[in-house]
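# An overview of the molecular structure
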Amino acid sequence: KILILDFGSQVTQLIARRVREAHVYCEVHPCDVTDDWVRDYARDGHLKGVILSGSHASVYEESTDRAPQVVFELGVPVLGICYGMQTMATQLGGKVEGGHKREFGYAEVRAHGHTALLKDIADFTTPEGHGMLKVWMSHGDKVTELPPGFKLMASTPSCPIAGMADEARRFYGVQFHPEVTHTVKGRDILNRFVLQICGAKPDWVMGDYISEAVQKIREQVGDEEVILGLSGGVDSSVAAALIHRAIGDQLTCVFVDHGLLRLNEGQMVMDMFARNLGVKVVHVDASEQFTGHLKGVADPEAKRKIIGREFVEVFQAEARKLTRAKWLAQGTIYPDVIESAGAKTGKATTIKSHHNVGGLPETLGLKLLEPLRELFKDEVRELGVALGLPHEMVYRHPFPGPGLGVRILGEVKREYADLLRRADAIFIEELRNTVDPATGKSWYDLTSQAFAVFLPVKSVGVMGDGRTYDYVVALRAVQTSDFMTADWAELPYSLLKKVSSRIINEVRGINRVTYDVSSKPPATIEWE
Ligand code: XMP
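Keep in mind that this is a model prediction, so the values were computed, not measured.

A few words on the nonpolar core. Soluble globular proteins tend to pack their nonpolar side chains together in the buried interior. Of all hydrophobic cores here, the largest spans 81 residues; its most connected members are Val226, Ile243 and Val473. When residues of this core are assigned to their parent elements, the largest contribution, 9 residues, is made by helix α7 (residues 234-247). The two domains that each donate at least three residues to this core are domain 2 (212-394) and domain 3 (413-515). Residues in contact with Val226, not counting those within four places in the same chain, are Val221, Ile243, Ile247, Gln250, Leu251, Ala325, Trp327, Ala329 and Leu369. Grouped together as the second largest cluster of nonpolar side chains are 61 residues, Cys31, Tyr83, Ala111 and Trp204 included.

So this is what it looks like as structure tokens:
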């Protein structure tokens, strides 16, 4: 196993992710664990190496965090990244100076000599024959004097000691961040460290993650009970399946149907969880309540607030009935942790993430159980498949909490929701059924999110011999990797044609279909 000590960098989990991608087991622990803790951790002989992460602090403020000194006495390789390299230098007798111009972003680093870590790894070679790496840097302080026993491993004009190595002790430090994808050869460097220098075996798979997570959940929860708000989205579904695997009937899921779900969604969720997986699910039909409160409200923000508030109310009412529940489980994943917490992830300060159900933990007096906190979306999906959830459920497009409430422009009416649900289902069905010959993938898989939007305006049409005066739907399909920016998808005309004709013919009440060709920014993905 590899031990990653976290100094609070936002990208520490990316280090863990890269190590997992090399199929090596690793754990992230806060940097302020004690010497005794580390000794104990290494006692079973499975510890193959240590990675010291970067720090949030090094960029903005002085940090006094140090690695437990014993890390350098275990006889295993150590890699310090950014702040991790600086603390390594300080603790081993070198010098670090602050107050320099901050270096942030892309840099080209010259790799010196032939250290075991960087040997033969380069993005290009200069005319003088120097191997060069394209990297991502983010630091203010820098190492100005090598500790005894170290030699220079890499440099840039503004950071003469951008890498250092003590090959006898197998200690390495890099000022740049190999864990981010902007460092082109970063993955090779981390693989080299973990697999070759540490000699860790690449035998870790997602199945191992499940047994470890199951064990941890059992230890945490004991014989207490857990409730979870199941939305039908990927994250809460995978969390439910994982927790159910660990504690079975000690888990109760609450599925709130606010009347703004997609076609057959409630049925689908109940079938999969209650019937197939045997998970206890309380299905609450709260559609009347939501529709009632949304009556006459047209402002998007007001609608969002009402839906959020009602959701919390329904969920709380259900939670109160489960008197023995002591835990609230959430499908919080790592990007949520970064978004809602910012810095100091996992280190010292405990961060509460209220991403999924705002404000619930305090008012309910429940402890938080978030077994997916360390995983990225694609890892969550892989985990879901390994847990036996169907592929098409795990690879679904995201669906917003307020549901169709933000896809019906202006006032939400049941009549509109019914029309939209049917149009949306046709669009999704055709996306799933249409395969792009160039890639062999369906257009559903080639888009990141796709849906129909209901426009409460009427336009004139003609059907048979008669005039129609009906509503409009807009189709929206986007491609994006992070949902912060997005391009509208260039769907084939033949597909649009089929969807349009099916919707107009099959959904009485809609006589016009448009395609949204706006990118984000300046538009957003959802219309409200
Ligand atoms: P926008 O419309 O801001 O959406 O470009 C970006 C992504 O976020 C989703 N979204 C939400 N998800 N609750 C959610 O759980 C919400 O209130 C919400 N609003 C937008 C949206 O579907 C897209 O994937």
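Strand order in the open sheet made by the 10 strands is β2-β1-β3-β4-β12-β11-β10-β6-β8-β7, with mixed pairing throughout. Every interior strand has two partners, whereas the edge strands, β2 (26-30) and β7 (124-125), have only one. Examined bridge by bridge, strand β6 (residues 103-111) and strand β8 (residues 131-139) share 9 bridges and lie antiparallel to one another. Following the sheet pairing, Tyr106 is matched in β8 by Trp136. Against the sheet, helix α1 (residues 12-21) makes contact with β1 (2-7), β2 and β3 (49-55), and its axis sits at roughly 165 degrees relative to β2, the strand it touches most.

This part is about the site of the ligand. Every residue close to the ligand is listed here: Pro398, Pro400, Gly401, Pro402, Gln449, Phe483, Lys520, Thr524, Ile525 and Glu526. Among the residues making up the shell around the ligand, the classes are represented as 5 nonpolar, 3 polar and 2 charged.

Before going further, it helps to examine the sheet that holds strand β14 (residues 251-257). Taking strand neighbours across the sheet as the criterion, the 5 strands line up as β15-β14-β13-β16-β17 in an open arrangement whose pairing is parallel. The two strands at the open ends of the sheet, each matched to only one other strand, are β15 (280-285) and β17 (367-369). The sheet shows a mean angle of 30 degrees between the axes of neighbouring strands, direction not considered. Here strand β16 (residues 325-329) runs beside β17; their pairing, made up of 3 bridges, is parallel. Bridge pairing in β17 links Ala329 to Leu369. Across the sheet, helix α8 (residues 265-276) is in contact with β14 and β15; its angle to β15 comes to roughly 165 degrees.

Turning our attention to the UniProt feature "active site" (unreviewed entry) in the protein chain. Here, the residues flagged by UniProt with the feature "active site" (unreviewed entry) are Cys82, His177 and Glu179. The largest pairwise C-alpha distance within this set of annotated residues, which runs over 98 residues, is 10.9 Å, so the set is compact in three dimensions. Note on placement: Cys82 falls in the loop between β4 (78-81) and α4 (83-91). Overall, the presence of 29 C-beta atoms within 10 Å leaves Cys82 in the buried class. For His177, a count of 23 C-beta atoms within 10 Å translates into the label buried.

Split into domains, the protein chain comes out as domain 1 (2-197), domain 2 (212-394) and domain 3 (413-515). With centres defined by C-alpha atoms, the gap from domain 1 to domain 3 works out at 50 Å.

Rules and cut-offs
Residues numbered from 1 in each chain as written. Predicted model: local features only at pLDDT ≥ 70, side-chain atom pairs only at ≥ 80, totals over all residues. Core = buried A, V, L, I, M, F, W, Y, C linked by C-beta atoms within 7 Å. Buried ≥ 20, exposed ≤ 12 C-beta atoms within 10 Å, placed from the backbone. Helix = DSSP H or I, 4+ residues; strand = E, 2+ residues; numbered from the N terminus. Domains from an automatic or database assignment. Contact = placed C-beta atoms within 7 Å. Pairing = 2+ DSSP bridges. Axes fitted to C-alpha atoms, helices over the stretch in contact; angles between N-to-C directions. Near = placed C-beta within 6 Å. Nonpolar A, V, L, I, M, F, W, Y, C, P; charged D, E, K, R; others polar. UniProt positions renumbered as here; feature names shortened; annotations may be inferred.

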